[in-house]
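Structural characterization, general
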Amino acid sequence: MFALCLLPFARLFHGAWAETLGPNPAEALIRGTGDWALRGLCLALAVTPLRQWTGLVALARWRRMLGLFAFFYALLHFLAYAWLDKGLDPADILRDIAKRPFILVGSLALLLMLPLAATSVDRAIRALGARRWKQLHRAVYAVALLGLLHFFWMRSAKNNLGEVAVYAAILALLLGWRLLDAWRRHRAACSKP
């Protein structure tokens, strides 16, 4: 699974090295890493429903790695933007974040991912306690929605929303399933004497 998650990075790295990313390699790197960040979030969110639908309990062990790879690609996405688009000029980056809502939303999603990535080690789970850790990691839903909004605003400027609709449908299905599952568990708990 680790090697599979690294394949997109290897492909992008090779494309940049071999100069095969097309006429605008900076845009290809920024878009490619952003796409994989969103895909990683979708995959991480899909682990629990797939585990419950299939009965394959072993799937749960991949959720943390998928989430960390989503963070890895989101961080690469931001770094590619900051370096290739803004020349690592902090003032220019901050002006751009304040001026362009889709960059603000994407930056907020990345900031929300930082504590999730930082607390994805067993020691942090023990230190926070399982309940507080789970509450903190529910922020992944907000991250996914902010990531989708970032993608929507970026694509709507070019009137290219087909891919956005696919991600929106996937996230709606995954988040809808979570809400339904929480409602079922709440109902079952309320019906116990």
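Our structure's up above, just so we're on the same page.
Definitions and cut-offs
- Counting restarts for each chain: residues are numbered from 1 in the order of the written sequence.
- Totals for whole chains, interfaces and linings use all residues, but because this is a predicted model, local features are given only for residues with pLDDT of at least 70 and pairs of side-chain atoms are given and counted only at 80 or more.
- Side-chain metrics rest on all non-hydrogen atoms present in the structure, leaving aside hydrogens and water.
- Working definition: helices are DSSP H or I runs of at least four residues, strands are E runs of at least two. Numbering for both runs from the N terminus.
- Here a polar contact is recorded for every N or O atom pair within 3.5 Å, except that within protein the pair must consist of a potential hydrogen donor and a potential acceptor, and residues adjacent in sequence are included only if both atoms are side-chain atoms.
- Note on definitions: a residue-residue contact is assigned when non-hydrogen atoms from the two residues lie within 4.5 Å.
- Exposure classes here rest on a 1.4 Å probe applied to the protein chains alone. A residue is buried below 20% of its type maximum, exposed above 50%, and partly exposed in between.
- Directions are taken from the helix axis to each C-beta atom, and the arc is the one they span.

Considerations on unusual backbone geometry
Although it is not a glycine, glutamate 19 sits at a positive phi angle of roughly 55°. Note on placement: glutamate 19 falls in the loop between helix H1 (2–18) and helix H2 (25–54). Residues other than glycine seldom take positive phi values, yet leucine 88 does so here, at roughly 55°. Topologically, leucine 88 is positioned in the loop between helix H3 (63–85) and helix H4 (90–99).

With respect to the side chain of histidine 77
Looking at the element boundaries, histidine 77 is found in helix H3. At 3.2 Å, the side chain of histidine 77 forms a polar contact with the backbone nitrogen of glycine 34. Setting aside anything within four residues of it in sequence, one finds histidine 77 in contact with Ile30, Thr33, Gly34 and His150.

Some points on the environment of methionine 1
As for its position among the elements, methionine 1 is in the segment before H1. Given a relative accessible area of 36%, methionine 1 falls into the partly exposed group. Those residues within four positions of methionine 1 in sequence are excluded, and the remaining contacts are Trp62, Met65 and Leu66.

Remarks on H4
Of the positions making up H4, those classed as buried are Ile93, Asp96 and Ile97. For H4, the buried positions fall inside an angular range of 100° around the axis, keeping them on one side. Residues of H4 that are exposed and angled more than 90 degrees away from the buried face: Leu94, Arg95, Ala98 and Lys99. Elements in contact with the buried residues of H4: H3 and helix H5 (101–118). Between the side-chain oxygen of the N-cap and the backbone nitrogen of alanine 91 there are 3.2 Å, and the N-cap of H4 in question is aspartate 89.

Nothing here speaks to function; it is all geometry.
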